[in-house]
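The primary structure of each chain is shown beneath.
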Amino acid sequence: MSILWTIIIGFVAGLIAKWIMPGPNEPSGFIMTTILGIVGAVVATYLGQALGWYRADEGAGFIGAIVGAIVVLFIYGLIVGRRSSTTY
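A short tour of the structure in this document, coming up. Because the structure is a prediction, the values reported are computed rather than measured.

### Section: the overall build of the protein chain
Counting its regular elements, the protein chain contains three helices and zero strands. Seen in sequence order, the protein chain has helices and strands lined up from the N terminus as α-α-α. Counting across all 88 residues of the protein chain, residues that qualify as buried make up 31%. The long-range fraction of contacts in the protein chain, counting pairs at least 24 apart against all pairs at least 6 apart in sequence, stands at 67%.

### A look at the nonpolar core
Within soluble globular proteins, side chains that are nonpolar tend to cluster in buried spots. Core analysis: the largest hydrophobic core is formed by eleven residues, namely Ile9, Ala13, Ala17, Met21, Leu36, Ala41, Ala65, Ile66, Ala69, Val72 and Leu73. Of all the secondary-structure elements, those providing two or more residues to this core are helix H1 (2–20), helix H2 (30–51) and helix H3 (62–85). The dominant element in this core, judged by the number of residues it contributes, is H3, at five residues. Sequence-distant contacts of Ile9, defined by excluding residues within four places in its chain, comprise Gly61, Phe62 and Ala65.

### A short note on a nonpolar patch on the surface
A contiguous nonpolar surface patch, about 930 Å² in accessible area, is contributed by Phe11, Val12, Leu15, Phe62, Ile63, Val67, Val71, Phe74, Ile75, Leu78 and Ile79. For the nonpolar patch, the secondary structure elements donating two or more residues are H1 and H3. Considering each element in turn, the nonpolar patch owes the most residues, eight residues, to H3. If you trace the backbone, Ile63 turns up in helix H3.

### Notes on the environment of Trp19
As for its position among the elements, Trp19 is in helix H1. Classification of Trp19 as exposed rests on a relative accessible area of 71%.

Reading guide: rules and limits
Residues numbered from 1 in each chain as written. Predicted model: local features only at pLDDT ≥ 70, side-chain atom pairs only at ≥ 80, totals over all residues. Heavy atoms only, no water. Helix = DSSP H or I, 4+ residues; strand = E, 2+ residues; numbered from the N terminus. Buried < 20%, exposed > 50% of the residue type's maximum accessible area, 1.4 Å probe, protein only. Contact = heavy atoms within 4.5 Å. Core = buried A, V, L, I, M, F, W, Y, C linked by side-chain atoms within 4.5 Å. Patch = residues over 30% accessible without salt bridge, like charges linked within 9 Å, V, L, I, M, F, W, Y side chains within 5 Å. Areas by Shrake-Rupley, 256 points an atom, 1.4 Å probe, with all protein chains shown as cover. Salt bridge = Lys/Arg side-chain N within 4 Å of Asp/Glu carboxyl O.

This is the structure:
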């Protein structure tokens, strides 16, 4: 149930993170934004567990998932921006 809850929270967090942090290099698709939100929630969960904020059976909270999704979206924007500015 924990991983299912992380996916649901990540889905909503990805949508909110995209709303908070729009940009030209951000993913424009619904599915890609959702996947990055889920990755952000998973990253927030494991980082929180590593830092001792959450127990091993706890997932990231809603705010933590949003922050994780924003961080993942920011990194994604940097990577995609770097690729699009490179000319071949």
